[in-house]
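Chain by chain, the residues:
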Amino acid sequence: MNAAVATSVFGAFMVLTVALGLLAVRRKGTEKGRPAGLAEWSVGGRSLGTVFIWVLMAGESYTSFSYLGAAGWGYNSGAPVLYVLAYMSCGYALGYVVGPMLWAYARRHGLVGITDMIAHRYRAPWLGAAVALLATVCLLPYIQLQITGMGVVVSTISYGAISINWAYFLSFAVTTGFVVISGLRGSAWVSVLKDVLVIGTLGFLAVYVPLHYFDGYGPFLDRLVAEKPQWLTFPGHDSGGLGQVWFVTTTLVNSLTVVIFPTTVAGYLGARNAEALRRNALYLPFYNVLLFVPMLLGMAALFVVPGLTGADSNLALFTMVVDSLPAWAVGLVGVAAALSSIVPMAVFMLVIGTMWGRSVLGAIPRLRKGAAGAASGDGGGEAAGGRQKLWSQLVVVGAGALALLLTYTAPDTLVRLSLISYEGMAQLVPMLLLGLVWRRLTLHAAVSGLVAGFTLVCVLVFGGHDPVWGMNAGIVGLAVNVVVALAVTWLGPRAADGRPDAEVLALDDEFPRDGVPSRGAPVSPPASS
């Protein structure tokens, strides 16, 4: 009976999820009598307001990690897990400046992602394709992690009635179904439902679990301080050397990385205007307060379900939920956690599809024929824009299917790749951000820095040297990256680039706070890459 009730609640909300995704695209319909193009699908037509941008970007922050990984880190290590709150808050502060800058640059030149921006900045379509390949390697593990996370959640809340393999497939099918049809706009709509459930369930659990198991926070915290004090200080318990230096360097490199992460940039580019991004940067840190709940409840599970090891520690929170709540409530908590997998996974898949449809397949000369002017599907070159959208949708299905297949057959492959996901993406920071504010950074310098930094990160991480000297390996790679890029810029060849600054650099004043272009700047001219 418990399995039937919880599964029914879960199934009803999955149907509602797909319906919201379909309703989002149906409500938008067609744009000026033409089928919606790549920009409408991939960045929501650049028309999402503050609320939708807020829930969408919060949705990327609250993944299955929020219910599983955060609780597992709290259970296993304690204090080091606070790095998540630190880097996300610092990243939002950086996003106040970086978000509008990238939004203005992309809107001015009709671009739809970081690979587009890099190809345009350095006048090198091949570089956009290469970055798309690199980003795909770093993003695929996140799709696999969300599939795995949702599978674990669904199997647990169904009291084992749904096997974990079927739960993996369900995760893939639901996400692929609505993201292929509705794109970023559908993800934003589903994020509203997800956020209501996340806020409600975590708020409830924050009060319920301490009262139910410890008679309140006072007795719980007294017991934690008395019996598990090492969980409350650095480097935490059994943390592998995750001390203060690691905490600071990880916060720094992750906060830099998150503002140029392809999924974050997709949220930036979906905004109606730059002011929506600035307001969003102010509001998002308040959402982070909720992350304290699974972290703290993970430590509460030390006394309720002691002895969890390995991957089972990620179920610390859900073990208490299933043990103490009625089946319908278990179903609701499970839905919130499942949607926390579906929404970010949808954006990951959408971003991979957009990068390949635009920068890889779109860069092949035969496929690019007639594509000039197809910057966003909302101007000239409509047929080519439609083809890019179709290629992107096909890649979405392919990327999701590949992640699902590897989840079944070789999960360790993507797990190992996930070790370099954030540190690897960090190596794009100089190429993108430094390149958009410093004209002298050359193509040779940007590529040399990227290769040096990424290679060093791979050597350190896969060689078992992360942390290195107590520091996050990503920050070491990023430092080498910058040094190499600067050295090659000053000592290497300087290719002539006769374009004006407005064509090369990201000038935020081109699009002031009301989003209206100044100096007669075009909104969506043909892309030059």
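Bear in mind the structure is a predicted one, so any value in this text is a computation, not a measurement.

Points about the overall build of the protein chain
A tally of regular secondary structure across the protein chain gives 24 helices and 0 strands. Residues counted as buried form 58% of the 529 residues belonging to the protein chain. For the protein chain, the share of sequence-separated contacts (at least 6 apart) that also reach a separation of at least 24 residues comes to 84%. Here the protein chain has roughly 19,600 Å² of accessible surface; of this, 68% comes from carbon and sulfur atoms.

A few points about unusual backbone geometry
For the bond from phenylalanine 234 to proline 235, the omega torsion is 5°, close enough to zero to count as cis. Structurally, proline 235 can be placed in the loop between helix H10 (217-227) and helix H11 (244-258). You will see that tryptophan 469, though not glycine, has its phi angle at about 55°, which is positive. Structurally, the position occupied by tryptophan 469 is in the loop between helix H22 (443-462) and helix H23 (473-491). With a relative accessible area of 74%, tryptophan 469 lands in the exposed category.

Re the environment of valine 343
As for its placement among the helices and strands, valine 343 is situated in helix H16 (residues 327-360). Residues valine 343 and glutamine 146, spaced 197 residues apart in sequence, show a C-alpha to C-alpha distance of 9.5 Å.

Details of the packing of helix H6 (residues 83-109) against helix H7 (residues 114-121)
Interhelical geometry of H6 versus H7 gives an angle of 70° and a closest axis separation of 11 Å. Relative to H7, the element H6 lies roughly perpendicular. Where H6 approaches H7, its residues Leu102, Tyr105, Ala106 and His109 are matched on the opposing element by Met117, His120 and Arg121. Across the contact of H6 with H7, the residue classes tally to 4 nonpolar, 2 polar and 1 charged.

Remarks on the pattern of salt bridges
Enumeration over the complete set of coordinates arrives at 7 salt bridges. Close ionic contact of arginine 123 with aspartate 497 constitutes a salt bridge, the shortest N to O distance being 3.7 Å. Remark: aspartate 497 occurs in the loop between H23 and helix H24 (501-504) and arginine 123 occurs in the loop between H7 and helix H8 (125-157); sequence separation between them is 374 residues. Here arginine 123 falls in the partly exposed class, since its relative accessible area comes to 47%.

Points about the confidence of the model for the protein chain
Per-residue pLDDT for the protein chain averages 84, and the proportion of residues at 70 or more is 86%. The low-confidence segment residues 30-34, where pLDDT is below 50, has 5 contacts with residues more than four positions distant or belonging to other chains. In this model, residues 510-529 is a region of pLDDT below 50 whose contacts with residues beyond four sequence positions or in other chains number 58 contacts.

Observations regarding the packing of aromatic side chains
Throughout the structure, instances matching the rule amount to 19 aromatic pairs. Ring geometry for tyrosine 83 versus tryptophan 246: centroids 5.3 Å apart, planes at 70°, classification edge-to-face. In this pair, tyrosine 83 sits in helix H6 while tryptophan 246 sits in helix H11, placing the two residues 163 residues apart along the sequence. Relative accessible area serves as the criterion here: at 13%, tyrosine 83 is assigned to the buried category. Summarising the aromatic geometry, the rings of phenylalanine 234 and phenylalanine 247 are spaced 5.1 Å apart at their centres and angled 65° between planes, so their arrangement reads as edge-to-face. Within this pair, whereas phenylalanine 234 is found in the loop between H10 and H11, its partner phenylalanine 247 is found in helix H11, the two being separated by 13 residues in sequence. In textbook terms, an aromatic cluster arises when at least three aromatic residues are bridged by ring pairs, as seen for Trp73, Tyr83, Tyr87, Tyr142, Trp246, Phe261, Phe348 and Tyr422. Cation over ring: arginine 121 sits above tyrosine 122, and NZ or CZ is 4.6 Å from the ring centre.

Description of the nonpolar core
Counting 164 residues, the largest nonpolar core has Tyr67, Leu102, Met117, Ile143, Phe318, Leu428 and Met431 as its most contacted members. Leave out the neighbours within four places in its chain, and tyrosine 67 touches Val198, Thr201, Leu202, Asn314, Leu317, Phe318, Val333, Ala336, Ala337 and Ser340.

Some details on the environment of leucine 491
Within the secondary structure, leucine 491 sits in helix H23. For leucine 491 and alanine 445, which are 46 residues apart along the polypeptide, the C-alpha to C-alpha distance reads 9.5 Å.

Quick notes on helix H9 (residues 164-214)
Its 51 residues place the ends of H9 only 32 Å apart at the C-alpha level, less than the 75 Å of an ideal helix rising 1.5 Å per residue. Among the residues trailing H9, aspartate 215 stands out with phi positive, at a value near 65°.

Notes on the side chain of serine 171
Tracing the backbone shows serine 171 in helix H9. Leave out the neighbours within four places in its chain, and serine 171 touches Gln146, Ile147, Met150 and Met345.

Regarding the packing of H22 against H23
The angle between the axes and the distance between the axes are what describe a pair of packed helices. For the pair H22 and H23, the least separation of the axes is 7 Å and the interaxial angle reads 155°. By the angle class used here, H22 and H23 are roughly antiparallel. Considering how the two elements wind past one another, H22 and H23 form a crossing that is right-handed. Contact with H22, carried on its side by His444, Ala445, Ser448, Gly449, Leu450, Ala452, Gly453, Leu456, Val457, Leu460 and Val461, involves Ala473, Gly474, Val476, Gly477, Val480, Asn481, Val484, Ala485, Val488 and Thr489 of H23 and no other residues of that element. For the contact of H22 with H23, the per-class residue count stands at 13 nonpolar, 8 polar and no charged.

A word on helix H12 (residues 262-269)
Judged by how many residues are buried, H12 sits mostly within the fold: 8 of 8 residues are covered. Burial in H12 covers these residues: Pro262, Thr263, Thr264, Val265, Ala266, Gly267, Tyr268 and Leu269.

A closer look at the environment of valine 15
Residue position: valine 15 is located in helix H1 (residues 2-28). C-alpha separation for the pair valine 15 and valine 174, spaced 159 residues apart in sequence, amounts to 8.8 Å.

A short note on a nonpolar patch on the surface
Residues Tyr96, Val97, Leu282, Tyr283 and Phe286 make up a contiguous nonpolar surface patch of roughly 530 Å² in combined accessible area. Residue assignment for the nonpolar patch shows that the elements contributing at least two residues are H6 and helix H13 (274-288). No other element matches H13, which puts 3 residues into the nonpolar patch.

Criteria and thresholds
- Residues numbered from 1 in each chain as written.
- Predicted model: local features only at pLDDT ≥ 70, side-chain atom pairs only at ≥ 80, totals over all residues.
- Heavy atoms only, no water.
- Helix = DSSP H or I, 4+ residues; strand = E, 2+ residues; numbered from the N terminus.
- Buried < 20%, exposed > 50% of the residue type's maximum accessible area, 1.4 Å probe, protein only.
- Contact = heavy atoms within 4.5 Å.
- Areas by Shrake-Rupley, 256 points an atom, 1.4 Å probe, with all protein chains shown as cover.
- Axes fitted to C-alpha atoms, helices over the stretch in contact; angles between N-to-C directions.
- Parallel < 35°, antiparallel > 145°, perpendicular 65-115°, else oblique.
- Nonpolar A, V, L, I, M, F, W, Y, C, P; charged D, E, K, R; others polar.
- Salt bridge = Lys/Arg side-chain N within 4 Å of Asp/Glu carboxyl O.
- pLDDT = per-residue confidence, 0-100.
- Phe/Tyr/Trp six-rings, centres within 6.5 Å; stacked < 30°, edge-to-face > 60°.
- Lys NZ or Arg CZ within 6 Å of the ring centre and 35° of its normal.
- Core = buried A, V, L, I, M, F, W, Y, C linked by side-chain atoms within 4.5 Å.
- Expected span 1.5 Å × (residues − 1).
- Left-handed = near helix turned anticlockwise from the far one by under 90°.
- Patch = residues over 30% accessible without salt bridge, like charges linked within 9 Å, V, L, I, M, F, W, Y side chains within 5 Å.

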